[in-house]
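What the coordinates show
Here are the chains, one letter per residue:
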Amino acid sequence: MDTATARKRLEEMRGELDKSILVLQGEQPAERIGSDSPQDPADAGTNLSENDRTQAVLAAAKVQLSAVRDALQRIEGGTYGTCADCGSSIPDGRLDARPEAARCVKCQAKRDRGR
Ligand SMILES: [Zn+2]
């Protein structure tokens, strides 16, 4: 995929992620104090698990945001579309599905296993 298209998609993703992170951070109870919409005390029992879920989604969004930022940096540096580990070019189909991908499928699988 050409870098102009990739950049556009990545910038859109970054915008969306920025927005969801702001929304998710706003959903944390600590941020709620003094807000206009106090929680119904009856919901208090569900808050903890709900907050855990929000934290998990938030963490995932932050990881993806940093991947998107890295990808935009690779576009600037002219290395976009090249596997960060083995240096071979990442297939268009993969970049189309995941424009933020930094590695070819093989190297990513190796890396995921190593975790
Ligand atoms: Zn590779």
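Every chain begins its residue count from 1, and numbering advances along the sequence as written. Only residues with pLDDT of at least 70 get local features here, since the model is predicted, and only at 80 or more are side-chain atom pairs given and counted; chain-wide, interface and lining totals rely on the full set of residues. Excluded from the side-chain calculations are hydrogens and water; all other atoms, namely the structure's heavy atoms, are used.

Listed donor atoms are N, O and S within 2.8 Å of the metal (Na, K and Ca: 3.2 Å). As water is not included, a site may look incomplete. Within the protein, C83 (SG), C86 (SG), C104 (SG) and C107 (SG) serve as the donor atoms for the zinc ion, at 2.3 Å. Around the zinc ion sit 4 donor atoms; with metal-centred angles ranging over 104 to 116 degrees, the donor geometry is tetrahedral. Taken in sequence order, the residues that donate to the zinc ion follow the motif C-x2-C-x17-C-x2-C. Of this pair, C86 sits in the loop between α3 (44-77) and α4 (92-97) while C104 sits in the loop between α4 and α5 (105-114), and the two are 18 residues apart along the sequence. A site with four donors is called tetrahedral when every donor-metal-donor angle falls between 85 and 135 degrees; four donors are called square planar, and six octahedral, when opposite donors sit more than 155 degrees apart and all other angles fall between 65 and 115; any other arrangement is irregular. Comment: elements are numbered from the N terminus, with helices defined as DSSP H or I runs of at least four residues and strands as E runs of at least two.

This part is about helix α1 (residues 3-26). Here α1 is 24 residues long and its end C-alpha atoms lie 34 Å apart, about the 34 Å a rise of 1.5 Å per residue gives. Three labels apply to residues, based on accessible area from a 1.4 Å probe with only protein chains included: buried if under 20% of the type maximum, exposed if over 50%, partly exposed otherwise in between. Along α1, the positions that sit buried rather than exposed are A6, L10, M13, L17, I21 and L24. Given a helix with a known number of residues, its expected span is that number minus one, times 1.5 Å.

Turning to the pattern of salt bridges, a few remarks are in order. Between Lys or Arg on one side and Asp or Glu on the other, a salt bridge is scored when a side-chain nitrogen of the former is within 4 Å of a carboxyl oxygen of the latter. Taken as a whole, this structure holds 9 salt bridges when the rule is applied. In this structure, R7 engages E76 in a salt bridge whose closest nitrogen and oxygen atoms are separated by 2.8 Å. Here E76 lies in helix α3 and R7 lies in helix α1, a separation of 69 residues in the sequence. Since its relative accessible area comes to 59%, E76 is described here as exposed. With a shortest N-O distance of 3.0 Å, D96 and R9 are connected by a salt bridge. Note that D96 is positioned in helix α4 and R9 in helix α1, a separation of 87 residues in sequence. Given a relative accessible area of 27%, R9 falls into the partly exposed group. One salt-bridge network, in which partners are shared between bridges, spans D85, R103 and R111.

Glancing now at the nonpolar core. Counting 20 residues, the largest nonpolar core has L10, V68, I75 and Y80 as its most contacted members. Per element, the largest residue contribution to this core is 7 residues, and it comes from α3. The residues touching I75, leaving out its near neighbours within four places in the chain, are T3, A6, R7, L10 and Y80. Here, nonpolar core means buried Ala, Val, Leu, Ile, Met, Phe, Trp, Tyr and Cys residues that are tied together by side-chain atoms lying within 4.5 Å of each other. Contacts are residue-level and defined by heavy atoms, with any inter-residue pair within 4.5 Å sufficient.

Another point: the environment of V57. When you line up the elements, V57 lands in helix α3. In this structure V57 comes out as partly exposed when scored by relative accessible area, which is 38%.

A few words on the confidence of the model for the protein chain. A residue's pLDDT is the predictor's confidence in that residue, given on a scale from 0 to 100. On average, residues of the protein chain score 87 in pLDDT, and 82% of them reach the 70 mark or higher. Element-level pLDDT for the protein chain is lowest in helix α2 (residues 29-32), with a mean of 54, against a maximum mean of 96 in α1.

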